[in-house]
Amino acid sequence: MKHKRMFAAVKNQANELEVLLYDQIGEDFWTGTGVTPKAIADQIKAAGQVSRIVLRINSPGGDVFDGAAIYNQFAQSGIPVDVFIDGLAASAASYVAMVGRTVTMGEGSMMMIHNPWGVTIGDSTALRK
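Residues numbered from 1 in each chain as written. Predicted model: local features only at pLDDT ≥ 70, side-chain atom pairs only at ≥ 80, totals over all residues. Heavy atoms only, no water.

1. Re the overall build of the protein chain
Reasoning step 1: For the protein chain, the count of helices and strands is four helices and six strands.
Reasoning step 2: The order of α-helices and β-strands along the protein chain, N terminus first, is β-β-α-β-α-β-α-β-β-α.
Reasoning step 3: Its C-alpha atoms put the protein chain at 60 × 30 × 30 Å along the principal axes.
Reasoning step 4: Within the protein chain, buried positions represent 33% of all 129 residues.
Reasoning step 5: Put simply, the protein chain shows about 8,200 Å² of open surface, and 56% of that area lies on carbon and sulfur atoms.
Reasoning step 6: Side chains of the protein chain give 11 positive and 12 negative charges; the mean places of these two sets differ by 4 Å. (Helix = DSSP H or I, 4+ residues; strand = E, 2+ residues; numbered from the N terminus. Buried < 20%, exposed > 50% of the residue type's maximum accessible area, 1.4 Å probe, protein only. Areas by Shrake-Rupley, 256 points an atom, 1.4 Å probe, with all protein chains shown as cover. Lys, Arg positive; Asp, Glu negative; His and termini not counted. Charge placed at Lys NZ, Arg CZ, Asp CG, Glu CD.)

This is how it looks when you write it as structure tokens:
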């Protein structure tokens, strides 16, 4: 079964770009899904002149470097961004949410922020060091 991509950007009649970030941050190695910085950049460019960006988030997070790049795409666009957390803004998605001049959380929504973590490789001696 192919995963349905859950990212969309639409310019509405009020001349605003509404971006739905309803997927993981970064491309999933196995399925090819996820929201990439390039996809965001392409949508901002394709929208042309807009009065504001409405960024709606429901994401489990993902790659922190892609999250930083997405944050910077919005921040450097020169367009005011208002963020609405519709469900979950976890991990890297919580970082992206901070680009908003306003951040509004819907009833029952959640933001999850955590310390960075990673994976290491090595034998027991190397890991003890």
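2. As for the confidence of the model for the protein chain
Reasoning step 1: Per-residue confidence for the protein chain averages 90 on the pLDDT scale, and 92% of its residues sit at or above 70.
Reasoning step 2: Per-element averaging of pLDDT across the protein chain places strand β1 (residues 7–11) at the bottom with 66 and strand β5 (residues 102–105) at the top with 98.
Reasoning step 3: A low-confidence stretch, residues 1–5 (pLDDT under 50), is modelled with eight contacts involving residues beyond four sequence positions or located in other chains. (pLDDT = per-residue confidence, 0-100. Contact = heavy atoms within 4.5 Å.)

3. Observations concerning the side chain of threonine 36
Reasoning step 1: By secondary structure assignment, the location of threonine 36 is in the loop between β2 (16–21) and α1 (37–47).
Reasoning step 2: For threonine 36, a relative accessible area of 18% gives the class buried.

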